[in-house]
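# An overview of the molecular structure
What follows is the residue order along each chain.
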Amino acid sequence: MFPGNRPYPRPGADRDTPPRATVTVASYPEYLDAQRAVDRLSDAGFPVDRVAIVGEDIRLVERVLGRMTVGRAALAGAGTGGWFGLLVGVLLGIFAVGAWWKVVVFAIVAGLLWGAVFGAIAHAMTGGQRDFASASELQAATYKLVVDAEHADRARQLLTEGS
């Protein structure tokens, strides 16, 4: 059960279906440890559709990767535009008669240019707000393995055998 004695919702469960009673069978400091435990249960034939990994004390961690300048924004836009240009060029190149590769090259160059211009303008329009690049992730203090109550004893047994 979650704090407050509320069972977790099952994915795909109907709203009319009453939630199942659950029990925490193990707790891990790292997500990968909890994932490995579920893998051990799965390898032993345990019905893993009755298992949930529940992160507690969730926090958002944003790692600053570097300063974002108009030049870097233009470079990032050019990269995205180049890939988009390649896609468009290949799709149009399929129907080209003769020099299909010229269509592909033109589309890539056009994508690079438009992407760079768009990236630079978009960054310049922020007016100096958020002049850095970052990556965000959710982290939990602990990861609990929660199992339907009817399967809890078997899960504990399998997890202690695997240790």
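Everything numeric here is computed off the predicted structure, so don't read it as measured data.

### Comments concerning the environment of G119
Mapping G119 onto the fold places it in helix α3 (residues 100–124). Given a relative accessible area of 12%, G119 falls into the buried group. C-alpha of G119 to C-alpha of G81: the two residues are 38 residues apart in sequence and 9.3 Å apart in space. Setting aside its immediate chain neighbours within four residues, G119 contacts A73, A74 and G77.

### Points about the packing of helix α1 (residues 31–43) against helix α4 (residues 152–161)
Their axes nearest at 10 Å, the elements α1 and α4 cross at an angle of 105°. Judged by the angle between their axes, α1 and α4 are roughly perpendicular. For the pair α1 and α4, the contacting residues are A37, R40 and L41 in the first and A155, L158 and L159 in the second. For the contact of α1 with α4, the residue count by class is five nonpolar, no polar and one charged.

### Describing the nonpolar core
Counting residues in hydrophobic clusters, the biggest one holds 17 residues, and the most contacted among them are V25, Y28, L41, F46, V51, L145 and L159. Of all the elements in the fold, those that place two or more residues in this core are β1 (22–28), α1, β5 (142–148) and α4.

### A closer look at α1
End to end, α1 covers 18 Å across 13 residues, agreeing with the expected 18 Å (1.5 Å per residue, within 8%). For α1, the set of buried residues is A34, A37, V38 and L41. Projection of α1 onto a plane perpendicular to its axis shows the buried side chains occupying an angular sector of 95°, all on one side. Its buried side turned inward, α1 meets β1, β2 (51–56), β5 and α4. Remark: G45 follows α1 within two positions and exhibits a positive phi of approximately 85°.

### Topic: helix α2 (residues 70–93)
Taking 1.5 Å of rise per residue, the 24 residues of α2 would be expected to cover 34 Å, and the 33 Å separating its terminal C-alpha atoms lies within 8% of that figure. Within α2, burial applies to A73, A74, G77, A78, G81, G82, G85, G89 and G93. If you follow the buried residues of α2, they end up packed against α3.

### Digging into unusual backbone geometry
Unusually for a residue other than glycine, D57 sits at a positive phi of about 55°. Tracing the backbone through its elements, the reader meets D57 in the loop between β2 and β3 (59–67).

### A closer look at the environment of D148
In this fold, D148 is placed in strand β5. Sequence separation between D148 and V51 is 97 residues; the distance between their C-alpha atoms is 6.9 Å.

### Looking at the sheet that holds β2
Ordered in space as β1-β5-β2, the three strands form an open sheet in which the pairing is antiparallel. Each edge of the open sheet carries a strand with a single partner, namely β1 and β2. Across the sheet, the axes of successive neighbouring strands diverge by a mean angle of 30°, strand direction being ignored. In the sheet, β2 pairs with β5 via six bridges, with the strands oriented antiparallel. The residue of β5 that forms the bridge with E56 is T142. Packing of α4 onto the sheet brings it into contact with β1 and β5, and relative to β1 it is tilted by some 20°.

Conventions adopted
Residues numbered from 1 in each chain as written. Predicted model: local features only at pLDDT ≥ 70, side-chain atom pairs only at ≥ 80, totals over all residues. Heavy atoms only, no water. Helix = DSSP H or I, 4+ residues; strand = E, 2+ residues; numbered from the N terminus. Buried < 20%, exposed > 50% of the residue type's maximum accessible area, 1.4 Å probe, protein only. Contact = heavy atoms within 4.5 Å. Axes fitted to C-alpha atoms, helices over the stretch in contact; angles between N-to-C directions. Parallel < 35°, antiparallel > 145°, perpendicular 65-115°, else oblique. Nonpolar A, V, L, I, M, F, W, Y, C, P; charged D, E, K, R; others polar. Core = buried A, V, L, I, M, F, W, Y, C linked by side-chain atoms within 4.5 Å. Expected span 1.5 Å × (residues − 1). Arc of directions from axis to C-beta. Pairing = 2+ DSSP bridges.

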